[in-house]
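Notes for the structure review
Take a look at the letters that make up each chain.
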Amino acid sequence: MLDAVRTLFSDPDFMPHGMCYLWRPGILSLHIISDGLITLAYFSIPFTLLYFVHERKDLQFNRMFVCFAVFIVACGATHLLEIWVIWNPVYWLSGIVKAITAVASVPTAILLARLVPQALQLPSPSALKSANAELEREIAERKRAEADIRRMNDRLEERVAERTRELEQANSTLRQTQLAVMQNERLRALGQMASGIAHDINNALSPAFLNCRAMLERRDDVDNELREFLTDIHRSVEDVMHTVTRMTEFYRAREPQFVPTPIAVSHILEQVVDFTRPRWHDMAQEQGIVIDLTMQVLPDLPMILGVESEIRHALVNLILNAVDAMPEGGALSLEVGSTERAVIVEVRDTGTGMTEEVRGKCLEPFFTTKGQRGTGLGLAMVYGMVQRHEADIEIDSSPGRGTTMRLTFPACAADRLTDLRAAIPSRANSARILVVDDDRRVSKSLRRVLEADGHRVTVADGGQAGIDTFLAATGRGESFSIVICDLGMPHIDGRRVAAAVKAASPKTPIVLLTGWGYSMRENGDLPSHVDHLLSKPPDVNELRLAISKLTAEMET
């Protein structure tokens, strides 16, 4: 065995291969250099292939690369031995290495032959470029599709958000509608309740109202002190009358028979200050609270048109609300100014103020922040007065910084003021009037006012008596110029009296005077055969205007 190994690496029976080259330096150098370079090249290639295979584990030709590396190494070894046998005749070792090379070359050739069809299927550079371009197009198309999807998603989210807002708005509108329906039901219930008692209250107020008016218009017979007493009584009765009326008409538009009168706002404000003094001065001081009230009224203010008692009642409500808003005391300022076309009244306090939510609801009926102490009707009545007088109301308020209530009334133009004063009929016009009412206090007080105006008045106690009196006078040729009749009377009501009068004298005008006048006018319930409808207690100027108008129409 040892001899075989020795023979493999050194066989003395052979001569070195350099002898074949005759040991000539030129041929020796040529072979040595060529085989050395080939050996280096063959030995470097396998390492490069092994590194490539190691880094590209995804390649499908790993076995071929391994066989090829072994074949290349074996080839390099044969060229190395070609240099070695020039001096050492190890031809057996050289042959064995060549045999190994041959063995490695066979599977390499086979694998390469099998690899060729697969390699031919590999795309060319142009095909790869085309495929890459197609891939880039697909990527760009996919990106565009993704962008379109994002845009559609954004639009969908916007539509969902918009639809959500619409639903929220619809829900808010529905809640507001429900609240409005509930408020209307409350108002309707209040109106029914108020109309049920309005007739009795107005009947009871009529004698006091008419008698005070009759006394006040007798300038020569009434001294100043008594006139002041009567004025206070007349004003209080008027306020009660309008309070009852307003309970049924919070947001009612101006009445068709609305008879405005010229009003000096500064005069009303002075009355309101005196009327509310116990609340903001006496009662406050009793509780150890100081409320400083200041009033500033510009001179030469224009007049406004309206109902004095309504405006006075509204200002009283505003002042009392301001006092309630200052439980620890503060400053209450009343200011009246004007512009070219308006008179502006401001009630300002330094109280607790209102939040935005409270400010938005404070004019609604039955809304109150006072708990059991409040009814929620005060500012609702103020708003109703503002609507009926075609005025405006502004509220400036914030928590802890007080509240300013600003009322803006249209100023009365000079020519309009002249026309209104001219429209009030003179009391010198005389007419023969039949008054029919089952309440003798009302008929007597009405008779005093009419007779003071120069009219000839006959009073009938009840419906049947009124019909009998009218027919008897007509039979004597003593016709009445006008008939003023109550509506609610036992046995024979005002409707039957009007029908009987019209049957006997179709041209005789009939004025229906009733405590239900406002509700009947609101519902458009003017009875047949009635020419004019007035509410109790009647406004004297409105009564005079109706008499003057109806008698003038009868004469024409």
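Residues numbered from 1 in each chain as written. Predicted model: local features only at pLDDT ≥ 70, side-chain atom pairs only at ≥ 80, totals over all residues. Heavy atoms only, no water.

1. Re the overall build of the protein
- Within the protein one finds 16 helices and twelve strands.
- Across the protein, the fraction of contacts at a sequence separation of at least 24, relative to all contacts at a separation of at least 6, is 71%.
- When the accessible surface of the protein is summed, it comes to about 31900 Å², and 57% of that surface belongs to carbon and sulfur atoms. (Helix = DSSP H or I, 4+ residues; strand = E, 2+ residues; numbered from the N terminus. Contact = heavy atoms within 4.5 Å. Areas by Shrake-Rupley, 256 points an atom, 1.4 Å probe, with all protein chains shown as cover.)

2. Regarding the sheet that holds strand 8 (residues 432-436)
- Strand order across the open sheet formed by five strands is 9-8-10-11-12, with parallel pairing between neighbours. Each edge of the open sheet is held by one strand with a lone partner, namely strand 9 (456-460) and strand 12 (532-535). Going from strand to strand, the sheet's axes swing by 20 degrees on average, the running direction of each strand aside. (Pairing = 2+ DSSP bridges. Axes fitted to C-alpha atoms, helices over the stretch in contact; angles between N-to-C directions.)

3. Examining a negative patch on the surface
- Taken together, the side chains of Asp154, Glu157, Glu158 and Glu162 present a region of like negative charge at the surface.
- Here Glu162 shows up in helix 5 (residues 125-216).
- Owing to a relative accessible area of 40%, Glu162 belongs among the partly exposed residues under this scheme. (Patch = residues over 30% accessible without salt bridge, like charges linked within 9 Å, V, L, I, M, F, W, Y side chains within 5 Å. Salt bridge = Lys/Arg side-chain N within 4 Å of Asp/Glu carboxyl O. Lys, Arg positive; Asp, Glu negative; His and termini not counted. Charge placed at Lys NZ, Arg CZ, Asp CG, Glu CD. Buried < 20%, exposed > 50% of the residue type's maximum accessible area, 1.4 Å probe, protein only.)

4. Overview of the pairing of strand 4 (residues 330-338)
- Alignment of strand 2 (residues 291-297) against strand 4, held across seven bridges, turns out to be parallel. The partner of Met295 across the bridge, within strand 4, is Leu334.
- Here strand 4 hands over to strand 5 (residues 342-349) after three residues, the two strands then running antiparallel side by side.

5. Some points on the confidence of the model for the protein
- Mean pLDDT over the protein works out to 78, with 74% of the residues at or above the 70 mark.
- Within the model, the stretch residues 250-257 combines pLDDT values under 50 with 27 contacts to residues more than four positions away or in other chains. (pLDDT = per-residue confidence, 0-100.)

6. Quick notes on the sheet that holds strand 5
- Strand order in this open sheet of five strands is 2-4-5-7-6, and the pairing throughout is mixed. Where the open sheet ends on each side, the last strands, each with one partner, are strand 2 and strand 6 (392-397). The average undirected angle you get between the axes of adjacent strands in this sheet is 10 degrees.
- Pairing analysis gives six bridges linking strand 6 to strand 7 (residues 403-410), with the strands arranged antiparallel. Across the sheet, residue Asp392 finds its bridge partner in strand 7, namely Thr408.
- The strands touched by helix 7 (residues 265-286) are strand 2, strand 4 and strand 5; relative to strand 2, the strand with the most contacts, the crossing angle is about 175 degrees.
- Against the sheet, helix 8 (residues 308-324) touches strand 2, strand 4, strand 5 and strand 7, its axis set at about 25 degrees to strand 5.

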